[in-house]
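Each chain, letter by letter, is given below.
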Amino acid sequence: MDTPETSNEEARDSQEEPSSHEQDIAAELRPAGFWIRLCAVLVDGAIFAPIFYLNNTSIKSIPLLIAICAAGAIYKPFMESLCGATLGKMVCGIQVMDKHGNRLNLSAAYVRYLTFLFAKVVEVVTTAIAFMLPEYQRVSSFSEMLEFPTPLEPLQIVAGVIVLLDCGVVAFTRSKCAVHDLIAGSYCVYKQSRKHG
């Protein structure tokens, strides 16, 4: 016969430990692969691209550069935490969740964003230095902007390689997780989809 203490302990254990179904809910959904995630990034990039291009080729304002990059650094983690997806992910029909199928909390969303944040900081510093150079004032097109040699170009290359390696892991993991997903405990999956078979 169970004592009240035993039944209370069993009730506590059942509340603390999620069922195997709850633990594996993300694993049951179809993971979003590299290409669909890249499409989502391109859609998100299109949101900031016009003002970024205008600033880099015409206005050349360091405060505006910082504001654009800060908006980008707020946009992705907040959208993924509050809505489960950025606008690009929504358009592509994918979302980000934890292994229980819940939205990420804001700290996990920022952990997921750390690689991109590093690249964004490098971009801001490099572009700000370029804006201060008299030669950059003659830049007026996208091709000239890309061809302009910056003092921190090697660091930009390193940041780009880190982001590529981080995201490239998606192609080699069964769950299609990037390194930032593995660190944050997140999954990028198709909305309302189940694996076949």
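Because the structure is a prediction, the values reported are computed rather than measured.

J.: Please explain the overall build of the protein as it appears in this structure.
T.: Scanning the protein for helices and strands turns up 10 helices and two strands. The secondary structure elements of the protein, listed N-terminal to C-terminal, are α-α-α-α-α-α-β-α-α-α-α-β. Classification of the 197 residues of the protein by burial places 36% in the buried group. Long-range contacts, defined here as pairs at least 24 residues apart, represent 71% of the contacts in the protein between residues at least 6 apart. For the protein, the computed accessible surface area is about 11,600 Å², with 65% contributed by carbon and sulfur atoms.

J.: What should I look at first to understand helix H9 (residues 153–168) in this one?
T.: Residues that lie three or four places apart on an α-helix share one face, since the helix turns once every 3.6 residues. Counted at 1.5 Å a residue, the expected span for H9 with its 16 residues is 22 Å, and the 22 Å between its end C-alpha atoms agrees. Every buried residue of H9 is listed here: Ala159, Val163, Asp166 and Cys167. The buried residues of H9 occupy an angular sector of 90° when the element is viewed end-on, so they sit on one face. Facing away from the buried surface of H9 by more than 90 degrees, the exposed residues are Pro154, Ile157, Leu164 and Leu165.

J.: Whenever I open this one, the packing of aromatic side chains confuses me. Can you help?
T.: Aromatic rings in a pair are described by how distant their centres are and how their planes are angled relative to each other. The tally for this structure, following the rule as stated, stands at eight aromatic pairs. For the pair phenylalanine 34 and tryptophan 35, a centre-to-centre distance of 5.0 Å together with 85° between the ring planes defines the contact as edge-to-face. Looking at phenylalanine 34, the relative accessible area reads 30%, which means it is partly exposed. Geometrically, the ring pair formed by tyrosine 110 and tyrosine 113 is edge-to-face, given 6.4 Å between the ring centres and 85° between the ring planes. Taken together, the positions of tyrosine 110 and tyrosine 113, both in helix H7 (residues 106–132) and three residues apart, correspond to about one turn of that helix. In this structure an aromatic cluster arises from ring pairing among Phe78, Tyr110, Tyr113 and Phe116. Over the ring of tyrosine 190 we find arginine 30, and its NZ or CZ is 3.9 Å from the ring centre. Directly above the aromatic system of phenylalanine 116 lies the positively charged group of lysine 76, at a separation of 5.6 Å from the ring centroid.

J.: Looking at this structure, how should I read the side chain of histidine 180?
T.: Within the fold, histidine 180 resides in helix H10 (residues 179–184). What makes histidine 180 buried here is its relative accessible area of 5%. A distance of 2.9 Å separates a polar atom in the side chain of histidine 180 from a polar atom in the side chain of aspartate 166. Residues contacting histidine 180, with those up to four places away along its chain left out, are Arg37, Arg112, Phe116, Asp166, Cys167 and Ser186.

J.: Explanation requested: the pairing of strand S1 (residues 94–98) in the structure shown.
T.: The side chains of a regular strand alternate between both faces of the sheet. Within S1, five of the five residues are buried, leaving the element largely enclosed by the surrounding structure. In terms of strand pairing, S1 meets strand S2 (residues 186–190) through five bridges, oriented antiparallel. Across the sheet, the residue bridging to valine 96 is cysteine 188, located in S2.

Quick notes on the rules
- Residues numbered from 1 in each chain as written.
- Predicted model: local features only at pLDDT ≥ 70, side-chain atom pairs only at ≥ 80, totals over all residues.
- Heavy atoms only, no water.
- Helix = DSSP H or I, 4+ residues; strand = E, 2+ residues; numbered from the N terminus.
- Buried < 20%, exposed > 50% of the residue type's maximum accessible area, 1.4 Å probe, protein only.
- Contact = heavy atoms within 4.5 Å.
- Areas by Shrake-Rupley, 256 points an atom, 1.4 Å probe, with all protein chains shown as cover.
- Expected span 1.5 Å × (residues − 1).
- Arc of directions from axis to C-beta.
- Phe/Tyr/Trp six-rings, centres within 6.5 Å; stacked < 30°, edge-to-face > 60°.
- Lys NZ or Arg CZ within 6 Å of the ring centre and 35° of its normal.
- Polar contact = N/O pair within 3.5 Å; in protein donor to acceptor, adjacent residues only side chain to side chain.
- Pairing = 2+ DSSP bridges.

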